[in-house]
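Analysis of the macromolecular model
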Amino acid sequence: MSGPAKTTLGSLSVRRVVTGLWQMADQERDGKAFDLDAAAEALADYARDGFDSFDMADHYGSAEIVAGKAHKLLREAGETPPTILTKWCPPPGEMSLDDVRAGVETALRRLDLPRVDCMQFHWWQYQSPEYLDALAGLMRLREEGLIGEIGLTNFDADHLRLALKQGIEVASNQVCFSLLDRRAAGRLSQVALDHDVKLLAFGTLCGGFLSDRWVGTDEPDQIADWSRMKYKRFIDAGGGWAPFQNLMSVLKDVAQKHDASVANVATRWVLDHPAVASVIVGARLGENQHREDNARLDRLTLETDDQAAINAATDALAMIPGDCGDEYRKPPFLTASGDL
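To keep things clear, this report deals only with the structure shown in the data block. (Residues numbered from 1 in each chain as written. Predicted model: local features only at pLDDT ≥ 70, side-chain atom pairs only at ≥ 80, totals over all residues. Heavy atoms only, no water.)

1. Observations concerning the packing of helix H2 (residues 36–48) against helix H3 (residues 63–76)
The N-to-C vectors of H2 and H3 enclose an angle of 60°; their axes lie 8 Å apart at closest approach. Judged on the interaxial angle alone, H3 and H2 are oblique. Between H2 and H3 lies a crossing whose hand is right-handed. For the pair formed by H2 and H3, the contact residues are Leu 36, Asp 37, Ala 39, Ala 40, Glu 41, Leu 43, Ala 44, Ala 47 and Arg 48 on the first element and Ile 65, Val 66, Ala 67, Lys 69, Ala 70, Leu 73 and Leu 74 on the second. (Axes fitted to C-alpha atoms, helices over the stretch in contact; angles between N-to-C directions. Helix = DSSP H or I, 4+ residues; strand = E, 2+ residues; numbered from the N terminus. Parallel < 35°, antiparallel > 145°, perpendicular 65-115°, else oblique. Left-handed = near helix turned anticlockwise from the far one by under 90°. Contact = heavy atoms within 4.5 Å.)

Given below as structure tokens:
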């Protein structure tokens, strides 16, 4: 398997389909035992199949540790190591250079690496302006060689523009972007395109809801995993199960026309947006994998009539309120628990 096509984030080469490791936090929930070595072997197999860009964060359970182990396995076997994108999500407060260094060095220890390819920064409350100090610190650590590129996570259009005006060299901004959540297609995309900041799209499959499994099904009354808990709130905010199923019916028709899956169509729609560099598709290591299905994306082209049908179905959905990242900062909190 050759893997998805590649693109660039600043100096980095990354896959257009990035393997996301946030589901590890759910897999380890409530103290569940997790075989980190087995998970690393499974992740190394993703890289061997060409899915060799990994996205994680400081709060994704053992994700950084597992990614570091997979990186070492591949290096020691003489194989090409993966590209590592992680996140630092500190609580708001004073941000000295020592604070920033401590955050980055914690990630490097967990990854067991001397340098992280892309450090993505998330800030919970813009009312605390110290995030600009943190970003200046990341610029300094990039000069020292501890990080390759600086990315942002869940920054809205105004605060992305503000960071850029302060001279922060931003390679990417990771935001929620899907057929159900089209906020990123607005002002944020324009700022990104104007300044060559690449968007990394997460939530593209809405926790698996945008897949063949959910075509024509009844609305679930109980949901076990955090991901679907979260994205069911997006479905509700978009108008509920009926307009969601209308969208699913359209996606199924388009998928059958192209001998593709619903997930392929939903992902292709996001990838075709001009500001989007890559989508992040989550992996539940050791449980299931969709590499073969995702490898078909490069062969899928959505035609004009496909786009028109999909756009008509999304027009029937309510827009998610606010700008990107507001789901973490303002009610309604579209998180797994509906709060912070």
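2. Some remarks on the environment of Gly 93
Its location among the elements puts Gly 93 in the loop between strand E5 (83–88) and helix H4 (97–111). Residue Gly 93 is classed as partly exposed on the basis of its relative accessible area, which comes to 21%. Linking Gly 93 and Gln 125, residues 32 residues apart in sequence, is a C-alpha distance of 9.8 Å. Discounting residues that sit within four places of it in the chain, Gly 93 has contacts with Trp 123 and Glu 130. (Buried < 20%, exposed > 50% of the residue type's maximum accessible area, 1.4 Å probe, protein only.)

3. Re the packing of aromatic side chains
If you walk through the whole model with that rule in mind, you get 15 aromatic pairs. Ring geometry for Tyr 126 versus Tyr 131: centroids 5.8 Å apart, planes at 65°, classification edge-to-face. Residues Tyr 126 and Tyr 131 agree in their burial class; the two are buried. Consider the rings of Tyr 126 and Phe 155, whose centres lie 5.7 Å apart with planes at 70°: the pair is edge-to-face. In this pair, Tyr 126 sits in the loop between strand E6 (116–121) and helix H5 (131–144) while Phe 155 sits in the loop between strand E7 (147–153) and helix H6 (157–165), placing the two residues 29 residues apart along the sequence. (Phe/Tyr/Trp six-rings, centres within 6.5 Å; stacked < 30°, edge-to-face > 60°.)

4. Notes on the pairing of E6
Taking burial as the measure, the 6 residues of E6 include 6 buried ones, the bulk of the element. In terms of strand pairing, E5 meets E6 through 4 bridges, oriented parallel. Note that in E6 the partner of Lys 87 across the bridge is Gln 120. Regarding the hand of the β-α-β motif, the stretch spanning E5, H4 and E6 is right-handed. Bridging between E6 and E7 involves 5 bridges; their strand directions are parallel. The partner of Val 116 across the bridge, within E7, is Ile 147. Viewed along the sheet, the connection from E6 through H5 into E7 turns out right-handed. (Pairing = 2+ DSSP bridges. Right-handed = clockwise from strand over helix to strand, strands pointing away.)

5. Description of the nonpolar core
In this structure, Phe 121 and Leu 210 are the most contacted members of the largest nonpolar core, which totals 113 residues. Sort the elements by how many residues they give to this core and helix H9 (residues 241–257) lands first, with 8 residues. Excluding residues within four positions of it along the chain, Phe 121 makes contact with Trp 88, Pro 90, Tyr 131, Ala 134, Leu 135, Leu 138, Gly 151, Leu 152, Thr 153 and Phe 155. (Core = buried A, V, L, I, M, F, W, Y, C linked by side-chain atoms within 4.5 Å.)

6. A look at helix H12 (residues 304–315)
The first and last C-alpha atoms of H12 sit 16 Å apart over 12 residues, in line with the 16 Å expected at 1.5 Å per residue. Turning to H12, its buried residues are Asp 306, Ile 310, Ala 313 and Thr 314. Take H12 and look down its axis: the buried residues cluster within an arc of 100°, on one side only. Exposed and oriented more than 90 degrees from the buried face of H12 are Thr 304 and Asp 315. Where H12 is buried, its residues contact H9 and helix H10 (262–271). (Expected span 1.5 Å × (residues − 1). Arc of directions from axis to C-beta.)

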